[in-house]
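# Structure assessment
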Amino acid sequence: MIASVRGPVVDVALDHVVIDCGGVGYQVLVTPSTAGSVRRGAEATLLTTMIVREDSMTLYGFTEPDARSLFTLLQTVTGVGPRLAMATLAVLEPDALRQALAGGDTKALITVPGIGKRVAERLVVELRDKVDRPHTDDSGGGLAMSGFAVRDQVTEALVGLGFAGPQAEKTVIAVLSEAPDADSAAVLRASLAALGKTK
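Residues numbered from 1 in each chain as written. Predicted model: local features only at pLDDT ≥ 70, side-chain atom pairs only at ≥ 80, totals over all residues. Heavy atoms only, no water.

### Looking at the packing of helix H2 (residues 65–74) against helix H4 (residues 94–103)
How we decide: All axes here are fitted lines through C-alpha atoms, helices being fitted over the stretch that makes contact, and every angle between N-to-C directions spans 0 to 180 degrees. Helix and strand definitions follow DSSP, with helices as H or I runs of at least four residues and strands as E runs of at least two, each counted in order from the N terminus. Note on angle classes: values under 35 degrees are labelled roughly parallel, values over 145 roughly antiparallel, values of 65 to 115 roughly perpendicular, and the remainder oblique. For any pair of crossing helices, the crossing counts as left-handed if the nearer helix is rotated counterclockwise from the farther one by less than a right angle, and right-handed if it is rotated clockwise. In this analysis, two residues are considered to be in contact whenever any of their non-hydrogen atoms come within 4.5 Å of each other. Throughout this entry, Asp, Glu, Lys and Arg are counted as charged residues, while Ala, Val, Leu, Ile, Met, Phe, Trp, Tyr, Cys and Pro are counted as nonpolar. The remaining residues, Gly among them, count as polar.
Axis separation between H2 and H4 bottoms out at 10 Å; the angle between their running directions is 40°. By the angle between their axes, H2 is oblique relative to H4. As for the relative orientation of H2 and H4, their crossing is left-handed in sense. Between H2 and H4, the contacting residues are Asp66, Ala67, Leu70 and Leu74 on the first element and Pro94, Leu97 and Arg98 on the second. When grouped by side-chain class, the residues that make up the contact of H2 with H4 number five nonpolar, no polar and two charged.

### Overview of the sheet that holds strand S1 (residues 4–12)
Counted only if it meets this: Being paired, for any two strands, means DSSP has found at least two bridges between them.
Judged by pairing direction, the barrel is mixed, and its five strands sit side by side in the order S1-S2-S3-S5-S4 before closing back on the first. Going across the sheet, the axis of each strand differs from the next one's by a mean of 55°, ignoring polarity. Across seven bridges, the pairing between strand S4 (residues 43–53) and strand S5 (residues 56–62) is antiparallel. Note that in S5 the partner of Leu47 across the bridge is Phe62. Against the sheet, H2 engages S4 and S5, with an angle of about 10° to S4. Relative to S5, helix H3 (residues 82–91) is tilted by about 20°, and along the sheet it contacts strand S3 (24–29), S4 and S5.

### Observations regarding the nonpolar core
Operational definition: Among buried residues, the Ala, Val, Leu, Ile, Met, Phe, Trp, Tyr and Cys ones that are joined through side-chain atoms within 4.5 Å form a nonpolar core. Per-residue accessibility, obtained with a 1.4 Å probe over protein chains only, is compared with the maximum for each type, and a residue is labelled buried under 20%, exposed over 50%, and partly exposed between these values.
With 31 residues, the main nonpolar core has Val80, Leu97, Leu109 and Leu123 as its most contacted residues. Elements with a minimum of two residues in this core: S5, H2, H3, H4, helix H5 (106–109) and helix H6 (117–127). When near neighbours in sequence (up to four residues on either side) are disregarded, Leu97 contacts Leu70, Leu74, Thr88, Leu89, Leu92 and Leu109. Core analysis: the next-biggest nonpolar cluster, separate from the first, contains 14 residues, Val12, Val17, Ala35 and Leu59 among them.

### Some thoughts on the side chain of Thr155
Counted only if it meets this: Pairing of N or O atoms within 3.5 Å defines a polar contact, subject to two protein rules: one partner must be a possible hydrogen donor and the other a possible acceptor, and residues neighboring in sequence count only if both atoms are side-chain atoms.
By the element assignment, Thr155 lies in helix H7 (residues 140–160). Overall, Thr155 belongs to the buried group, its relative accessible area being 12%. A polar contact is formed between the side chain of Thr155 and the backbone oxygen of Arg151, at a distance of 2.7 Å. In contact with Thr155, other than residues within four places in its own chain, are Gly165, Ala168, Glu169 and Val172.

### With respect to the packing of aromatic side chains
Which entries qualify depends on this criterion: Only centres within 6.5 Å qualify two rings of Phe, Tyr or Trp (six-membered ring in Trp) as a pair; their planes then separate them into stacked at under 30 degrees, edge-to-face at over 60, and tilted for everything else.
In the structure shown here, the tally under the stated rule is two aromatic pairs. A centroid spacing of 5.1 Å and a plane angle of 35° characterise the contact between Tyr60 and Phe71, whose relative ring orientation is tilted. Taken as a pair, Tyr60 in strand S5 and Phe71 in helix H2 lie far apart in primary sequence, eleven residues in all. Residue classification places Tyr60 among the buried residues on the basis of a relative accessible area of 4%. Take Phe71: its relative accessible area is 0%, and that puts it in the buried class.

Here's what the structure looks like:
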């Protein structure tokens, strides 16, 4: 079992990164926000879960133990495989996911592509008592800082995907001006959509 990988980032894409570990490039599937947190050429460490199937061995990577734990927990529910668990973490940050599960918020869960009403209800019923409701900090200063953090994070991800820095930053700022509270995954998706239209 490969529990973590560390090394220079060889490639960054929307759904995966490639990390050079001792001359071997490991492709690790990640969420857009994780992809946005690493930069090509820089060293990165990712916690990983290895899923072995008859026809494949796949690594899923995370920057935090909490996200990896939730990834494993989600798959204990019937009908939720690794790709759907990853999609859930791409749409809902760990704290938001815990909040939705603990609070029975099926509306938040069905915003994940692939999760319908039945699966959302099953997730709530089976996992509600297995997650802790996160403590939220309502101080205003944190929100302003998170906006800058998201801007820098998404801009780096877009540059890693091959977009020019000034063009990437301008697009991210435009997206954030329309949705200032959006998380990095949502901003990255919207920015990619906007940049795709300009090509």
